[in-house]
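Given next are the chains, with one letter for each unit.
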Amino acid sequence: MRTFRAARPRVLLTAVAAGTLLLTSACNDAAKPAQDQAAGSTAPAAATPAAVPTPTPKPTGEADPALKPFYGQQVTWADCPADPQARKAKIDISGMQCGKLHVPLDYANPAADALDVALIKYPAAKPDQRIGSLMVNPGGPGESGVGMVKYGAKQFAGTLHDRFDVIGFDPRGTGDSSPIVCYDDKQHDAVNQTDAPLDPAARKAERVKQSAEHAAACQARSGRLLPFVGTRNTARDLDVLRAAVGDKQLNYLGVSYGTYLGALYAEEFPKNTGRLILDGAVDPGQDQLDHGVDQQIGFEKSFERFAVDCVENHADQCPLGKDGTKAAKKAADFLDGLYDHPLTTKDGRKLGRDQAWTGTISLLYGDEKTSWEYLRAALGWAMLRNKGDYLLAFADDYNGRDENGHYSPLDEANAAIGCADAARPAPTPEHAKAAVDRLLTEAPLLSRGITVDDYTEPGCADWPFKTQEKPHTVRAEGSAPILVVGTTGDPATPYASAEALAKGFANATLLTRVGEGHGAFGKGNTCIDRAMEAYLTEGTMPAAGTRCT
């Protein structure tokens, strides 16, 4: 499913510079554009309001009398409305049910205002063997949990669907849960169709301008929501949901950013944890700039491995020449060359450098058995036929743009939640230089043209409020045993993050998938699937040090 962003010489560089993270998950393949689907203004400049503190109260959860009306509610489930996208993909949703959860906007003042969280339930196939509910989150931040269940139901087929009601939800500020909206579709297109300047000074000026305009646009259209969309509040919503469906403890599967949500839940409500799987893990204690650098290096290494695999194992489909040691550079040179020579597409839009890199990187979230095939074809279509339709289609999918040109609130939610969770302070000159030195040494293809000046500003500098949240190690003392899953070739959440998350918890086990791509769930690895099922259904942890190949 998906991840964060920033300026844009690279989709990753922009995220690092903005002080957010590129997380995203890779679960919902049903929602990805197939290759045969591929052919196929500026932001308002309002004044940015003065910053105010972010509300970060410590609630007492179910014991708080003011929250009893929320904890005491029962979800009214009904047939889900017709979904043209599901029908087009031939996905049967007739057995699914939809509903809403009523939660306070501000947990410090729950009587003041409220919002509804969109839900979907895929009822257990064997009710007589039902254990309870399994809540799921696909990542982002900004991805739809409703979409994860609706379009990815086949990933739960078998033991998990037999034994659990699989429940997805759109976190506050996303999807159909009071989504953050900052731009209209034309403004989204204008931003995405513009490559970041090559000149460092011009790039910085454009980045500063866009930051101010973005903050003003979000404040103008969604200002009421912005202080309350942080992950800690979503964790509180998750506890209300647990109670509303009648579960004493939370069973949960979180992928990518969903691991951060699960970690904060365990920190807030350790006694309410049941069986939690955190897959494609984020290290909540890592400095954001360092994480962004690690991530960019991870994508570079994945890009290099893809290129070598293309030449050595798929020569008849590979447009990258015959020398595996030069293949990645050949692809990078072509993608960078689109800055001056963009490709045309059937709908009249241009495929420039940044959109082409976005489409390429989006396909590195998958593995060598799935999305690498699409990347070979998309690059071949562009490099050999001068047609940008496929790469643009994958960039559109990553950016939340559908075939009708309508954008989901994914990007807006991603930025708003990122700024509510932690705004990176301006790094010291020494830290910025060290980051650039690492990038130029270990990720030279994805980091061409960067300078220390790309990393001098603080994250979320123009945001309407300043969060009090900071990176920190999550211990979750008193929680039930937690299963952390990491993949050795994961570019978006490098394996070291899974190691750090598991080590930080008071009670956790690390399960390792040896392979490519982001996350382990839904990748068809029998060893991983059996370990996850045994843990969720029986509470049996895999042996420490288990590695699945």
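Calculation rules
Residues numbered from 1 in each chain as written. Predicted model: local features only at pLDDT ≥ 70, side-chain atom pairs only at ≥ 80, totals over all residues. Heavy atoms only, no water. Helix = DSSP H or I, 4+ residues; strand = E, 2+ residues; numbered from the N terminus. Areas by Shrake-Rupley, 256 points an atom, 1.4 Å probe, with all protein chains shown as cover. Core = buried A, V, L, I, M, F, W, Y, C linked by side-chain atoms within 4.5 Å. Buried < 20%, exposed > 50% of the residue type's maximum accessible area, 1.4 Å probe, protein only. Contact = heavy atoms within 4.5 Å. Pairing = 2+ DSSP bridges. Axes fitted to C-alpha atoms, helices over the stretch in contact; angles between N-to-C directions. Salt bridge = Lys/Arg side-chain N within 4 Å of Asp/Glu carboxyl O. Polar contact = N/O pair within 3.5 Å; in protein donor to acceptor, adjacent residues only side chain to side chain. pLDDT = per-residue confidence, 0-100. Disulfide = S-S within 2.5 Å.

Novice: Which residues make up the overall build of the chain, and what values do they have?
Specialist: Helix and strand counts for the chain stand at 19 helices and 14 strands. Carbon and sulfur atoms make up 53% of the accessible area of the chain, which amounts to about 20600 Å² in all.

Novice: How would you explain unusual backbone geometry if you had to name every residue and give the values?
Specialist: Where the residue is not glycine, phi is negative for most of them; where a peptide bond is considered, it is trans in most cases. Of the consecutive residues Gly 140 and Pro 141, the connecting peptide bond is found in the cis state with omega at 0 degrees. Looking at where Pro 141 falls in the secondary structure, it is placed in the loop between β5 (132–137) and α5 (145–151). Even without a glycine there, the phi angle at Asn 386 is positive, about 60 degrees. Relative to the assigned elements, Asn 386 resides in the loop between α14 (371–385) and α15 (389–399).

Novice: With reference to specific residues and values, describe the nonpolar core.
Specialist: Counting 63 residues, the largest nonpolar core has Leu 101, Leu 238, Leu 241, Trp 463, Val 484 and Phe 505 as the members making the most contacts within it. Looking at this core, the element that brings in the most residues is helix α10 (residues 257–268), giving seven residues. Not counting the four nearest positions on each side in its chain, Phe 505 is found in contact with Ala 263, Leu 278, Val 474, Arg 475, Ala 476, Ile 482 and Val 484. Formed by 37 residues, the second largest nonpolar core is a distinct cluster that contains Ala 328, Leu 351, Ile 361 and Leu 375.

Novice: Kindly report on the sheet that holds strand β12 (residues 482–489), identifying the contributing residues and their values.
Specialist: The strand order across the open sheet built from 10 strands is β2-β3-β4-β6-β5-β7-β8-β12-β13-β14, with neighbouring strands paired in mixed fashion. The open sheet has two edge strands with one neighbour each: β2 (78–79) and β14 (547–548). Of the strand pairs in this sheet, β2 and strand β3 (residues 97–104) are connected by two bridges, and their pairing is antiparallel. Bridged to Asp 79 within β3 is Gln 97. Contacts from helix α19 (residues 526–538) reach β5, β6 (164–169), β8 (273–279), β12, β13 (508–516) and β14 within the one sheet, and its direction differs from that of β8 by about 165 degrees.

Novice: Could you give an account of the pattern of salt bridges, naming the residues involved and the relevant values?
Specialist: All chains considered together, the criterion is met by 32 salt bridges. The partner of Arg 224 in a salt bridge is Asp 113, with the nearest N and O atoms 3.0 Å apart. Taken together, the residues span a long stretch of sequence, with Arg 224 in the loop between α8 (200–222) and α9 (231–244) and Asp 113 in the loop between β3 and β4 (114–122) at a distance of 111 residues. According to the relative accessible area criterion, Arg 224 is partly exposed, its value standing at 43%.

Novice: How would you summarise the side chain of Gln 296 if you had to cite specific residues and measurements?
Specialist: Within the secondary structure, Gln 296 sits in helix α11 (residues 288–313). Side-chain polar atoms of Gln 296 contact the side chain of Ser 447, separated by 2.9 Å.

Novice: Talk me through the confidence of the model for the chain; I want residue IDs and the actual numbers.
Specialist: Any residue range with low pLDDT should be treated as having predicted coordinates unsuitable for detailed reading. The pLDDT averaged across the chain works out to 91; a share of 89% of its residues lies at or above 70. Every residue in residues 1–11 is under pLDDT 50, and counting partners more than four places away or in other chains gives 91 contacts. Note that pLDDT drops below 50 for residues 26–55; the model gives that stretch 74 contacts with residues more than four away or on any other chain.

Novice: How would you sum up the state of the cysteines? Please name residues and give values.
Specialist: Defined simply, a disulfide is a covalent bond joining two cysteines at their sulfur atoms. Counted according to the given criterion, the structure contains five disulfides. With its sulfur 2.1 Å from that of its partner, Cys 310 forms a disulfide with Cys 318. An S-S torsion of about 120 degrees defines the bridge between Cys 310 and Cys 318 as right-handed. Sulfur-sulfur distance for the disulfide between Cys 419 and Cys 460 comes to 2.1 Å. Disulfide Cys 419 to Cys 460: torsion about the S-S bond roughly -95 degrees, handedness left-handed. One end of the pair, Cys 419, is in helix α16 (residues 410–421); the other, Cys 460, is in the loop between α17 (429–442) and β11 (465–466), with 41 residues separating them in the sequence.

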